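The chain contents come next:
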Amino acid sequence: MKPRLLLAVLLGGAMSFSYASEPGESVPGHIDTSKITIKPSGRILMDAAGYFGGNGDHSALDEGGGKFVSGLAVPDVRVGAKVSYMNWKAKIDIGYAYQSLSMKDIFLEYDFNKENLVRLGYFVHQFGLNSCTSSSMKPTMEEAVSNTFFDANPRNLGVMYVRNSPKYLGAVSAFVEGNAMKKHAQDMGKQGWGVQTRQVFRPKAATGDIVQVGLSVNYQSPTYNSDPELNHTSFTYSANFPTRVSQVTALEAQITNARGEVKLSPELLLCKGGLALEGQYYYMKVFRKDGFKDYKAQGVYGCIRGILNGKVYTYSSSDGGIATPDPGSCELLAAYNFTDANDAVAGIRGGILNDFSLTFNYYINPWMIVRLRYSYTDVHSRSLEGMLPSRHVNTLQARIQIIF
């Protein structure tokens, strides 16, 4: 089915279902339809980007390295619906970008009460401070490279339990690898699996007054690879430069002869009035077999953010992070990200990256956001086939974002 036709069918189905569930209408099973809420959801991102000094010696670049080309793009379009009935919630979200459809959130949730819930399906499981915002709602416009390289917030098929009390947020998940949504189990040979938890303590969680510390831990078995020799015996980590108009590889590491991986990520959030500090550290170790040395990598992300026009930050307790600023707010952020994908002992040189960025956000209304971002990104000390050992780029980006 063509993408346009599929989106039309989904929208038409949602609209017809909404019409069939008018308040007070009796339906089989004695469901009180007045308690059913159906809300369409969607987003559109429209980006512009200019790159300066990023291509270096063009003759040394090939398909593996990639070339920065300034231009325009629509990197993300999504459409879906959210349904709630009494203690039950459900969501389906479908994305479209660069002539490709992909499944996003698909889950069923049961809220036992205001503090306890369980969620089953395909979604982003809580891990670290960056899991409190979706990819399009990152206040720095683009996700920290460390978060991408360490694959900290992928969508996986599984179950998650969340405990959300005034001073504590805890999430525990069990899942299989995300490839289970794309391939039959017999085609994969087997499915990789994992478990993880996020534990957050917040002695202060009031509007304009937030103190939060947390720790996330993950264990995962090796994942699917189309190469039979690497299938479920390897991990591949990679990250592009933080821009979507041109997709250029910054870091990459393939770890063979793997038995499993462990990730640790402490987090910190401080806020007073309209000024906030966010930080997250990443550490990963891949355990290897057959005499191969274990692989270790690390990274750190930090951001200072402030509201320029006198407003204050509010807190989202269910996500464990700062909520989207109020409509009319203007926000300025300065961020730094360091990622070290090199391990001399393991003989893997995926690269060392530094990224400095300055971002301005204008929250026009509840549905529209304008973002401007400047960043300087440098990667060096990498040894990757078909790529230069080092590259750097100055990037100026703008985004108009519509989300509902």
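Here the structure is shown first, and the text comes after it.
Residues numbered from 1 in each chain as written. Predicted model: local features only at pLDDT ≥ 70, side-chain atom pairs only at ≥ 80, totals over all residues. Heavy atoms only, no water.

Describing the overall build of the chain
Our working definition: Strands here mean DSSP runs of E at least two residues long; helices mean DSSP runs of H or I at least four residues long; both are numbered from the N terminus. As defined in this context, the radius of gyration uses C-alpha atoms, and a globule is described by 2.2 Å times the residue total to the power 0.38. The buried label goes to any residue with under 20% of its type's maximum accessible area, the exposed label to any with over 50%, and the partly exposed label to all in between, with areas taken from a 1.4 Å probe on protein chains only.
A tally of regular secondary structure across the chain gives 3 helices and 20 strands. In summary, the chain has a C-alpha radius of gyration of 22 Å against a globular reference of 22 Å for 404 residues, a match within 12%. Projected onto the principal axes, the alpha-carbon positions of the chain cover approximately 65 × 55 × 50 Å. Here the chain holds 404 residues, and 47% of them are scored as buried.

Quick notes on the environment of leucine 277
Here leucine 277 lies in strand β13 (residues 275–288). Note on leucine 277: relative accessible area 34%, which makes it partly exposed. On a C-alpha basis, the gap between leucine 277 and isoleucine 304 in space is 4.7 Å, while along the polypeptide they are 27 residues apart.

A few points about the packing of aromatic side chains
Here is the rule we go by: Under the pairing criterion, centres of Phe, Tyr and Trp rings, with the six-membered ring standing for Trp, must be within 6.5 Å; the plane angle then separates stacked pairs below 30 degrees from edge-to-face pairs above 60, leaving the rest tilted. The criterion for a charge sitting over a ring is simple: Lys NZ or Arg CZ within 6 Å of the ring centre, and within 35 degrees of the ring normal.
Under the definition given, this model contains 12 aromatic pairs. Seen from the ring of phenylalanine 107, arginine 119 lies directly overhead, with NZ or CZ sitting 4.2 Å from the centre. The ring of phenylalanine 123 has arginine 119 sitting right over it, with the charged end atom 5.5 Å from the ring centre.

Quick notes on a nonpolar patch on the surface
For the record, the criterion: Patch membership requires over 30% relative accessible area and the absence of a salt bridge. Like charges are linked within 9 Å, and nonpolar side chains (Val, Leu, Ile, Met, Phe, Trp, Tyr) within 5 Å. Areas reported here follow the Shrake-Rupley algorithm with a probe of radius 1.4 Å; residue values treat only the protein chains shown as occluding. For this analysis, a salt bridge means a side-chain nitrogen from Lys or Arg found within 4 Å of a carboxyl oxygen belonging to Asp or Glu.
On the surface, a cluster of nonpolar side chains totalling about 580 Å² of accessible area is made up of Phe201, Val213, Leu268, Leu270, Leu275, Leu277 and Ile304. Sorting the residues of the nonpolar patch by element identifies β12 (258–272) and β13 as the ones contributing at least two each. With respect to the helices and strands, leucine 275 occurs in strand β13.

Here we look at the pairing of strand β8 (residues 193–206)
Residues in a regular strand project their side chains so that they alternate between the two faces of the sheet. Heads up, the rule is: When DSSP locates at least two bridges between a pair of strands, those strands are taken to pair.
Note that strand β7 (residues 168–176) and β8 share 9 bridges and pair antiparallel. Note on β8: the bridge partner recorded for alanine 174 is valine 195. Pairing analysis gives 11 bridges linking β8 to strand β9 (residues 209–220), with the strands arranged antiparallel. Considered in β9, the bridge of threonine 197 is made with valine 217. In this antiparallel pair of consecutive strands, β8 and β9, the connection spans 2 residues, and glycine 208 shows a positive phi of 75°.

Details of the pairing of strand β11 (residues 249–255)
For β11, the tally of buried residues reaches 5 of 7 residues, placing the bulk of the element in the interior. Where strand β10 (residues 235–240) and β11 come together, 6 bridges link them in antiparallel fashion. Each residue of the ladder has a partner; that of serine 238, found in β11, is glutamate 252.

Some thoughts on the nonpolar core
Condition: Buried Ala, Val, Leu, Ile, Met, Phe, Trp, Tyr and Cys residues that are joined via side-chain atoms within 4.5 Å together make up what is termed a nonpolar core. Any two residues whose heavy atoms approach within 4.5 Å are treated as being in contact.
Ranked by size, the top nonpolar core spans 36 residues in total, and within it Phe149, Met284, Val286 and Tyr295 carry the most contacts. Only β1 (36–52), α2 (145–149), β10, β11, β13, β14 (295–307), β17 (330–343) and β18 (348–365) provide two or more residues apiece to this core. Setting aside residues no more than four positions away along its own chain, methionine 284 makes contact with Phe149, Phe150, Tyr237, Glu261, Val262, Lys263, Tyr295, Lys296 and Ala297.

Comments concerning unusual backbone geometry
Of note, the phi angle at histidine 232 is positive, near 55°, even though the residue is not glycine. Residue placement: histidine 232 occurs in the loop between β9 and β10. Here the phi dihedral of serine 381 falls at roughly 60°; this positive angle occurs in a residue that is not glycine.

Observations concerning the side chain of asparagine 130
Threshold: By the criterion applied in these results, polar contacts are pairs of N or O atoms within 3.5 Å in which, for protein atoms, one can donate a hydrogen and the other can accept it, and in which residues neighboring in sequence qualify only through two side-chain atoms.
Relative to the helices and strands, asparagine 130 is located in the loop between β5 (116–124) and α2. On the basis of relative accessibility, which here comes to 9%, the residue asparagine 130 falls in the buried class. There is a polar contact of 3.2 Å between the side chain of asparagine 130 and the side chain of tyrosine 282. In this view, asparagine 130 contacts Lys138, Asn147, Asn153, Gln280, Tyr282 and Tyr301; residues no more than four positions away in its chain are not counted.

What about the environment of tyrosine 224?
Locating tyrosine 224 in the fold gives a position in the loop between β9 and β10. As for tyrosine 224 and glycine 178, which are separated by 46 residues in sequence, their C-alpha atoms are 9.5 Å apart. With near-sequence residues (within four places) excluded, tyrosine 224 lies in contact with Glu177, Asn179, Lys183, Asp187, Met188, Asn231 and His232.

Considerations on the pattern of salt bridges
All chains considered together, the criterion is met by 18 salt bridges. A salt bridge links glutamate 278 to arginine 305, with the nearest nitrogen and oxygen atoms 2.8 Å apart. In this pair, glutamate 278 is assigned in strand β13 and arginine 305 in strand β14, connecting sequence segments 27 residues apart. The exposure class of glutamate 278 is buried, given its relative accessible area of 9%.

Re the environment of serine 173
Mapping serine 173 onto the fold places it in strand β7. A residue is classified by how much of its surface remains accessible, and serine 173, at 4% relative accessible area, is buried. C-alpha of serine 173 to C-alpha of lysine 289: the two residues are 116 residues apart in sequence and 27 Å apart in space. Contact partners of serine 173, with chain neighbours within four places excluded, come to His125, Val159, Met160, Gly194, Val195 and Gln196. Side chain to side chain, serine 173 and histidine 125 meet in a polar contact 2.9 Å long.

Remarks on the state of the cysteines
Rules: Any pair of cysteine sulfurs within 2.5 Å is marked as a disulfide.
Applying the stated rule across the entire model yields 0 disulfides. Cysteine 303 takes part in no disulfide bond, and the closest cysteine sulfur to it belongs to cysteine 132, at a distance of 11 Å. Cysteine cysteine 330 is unpaired, with the sulfur of cysteine 303 as its nearest cysteine sulfur at 16 Å.

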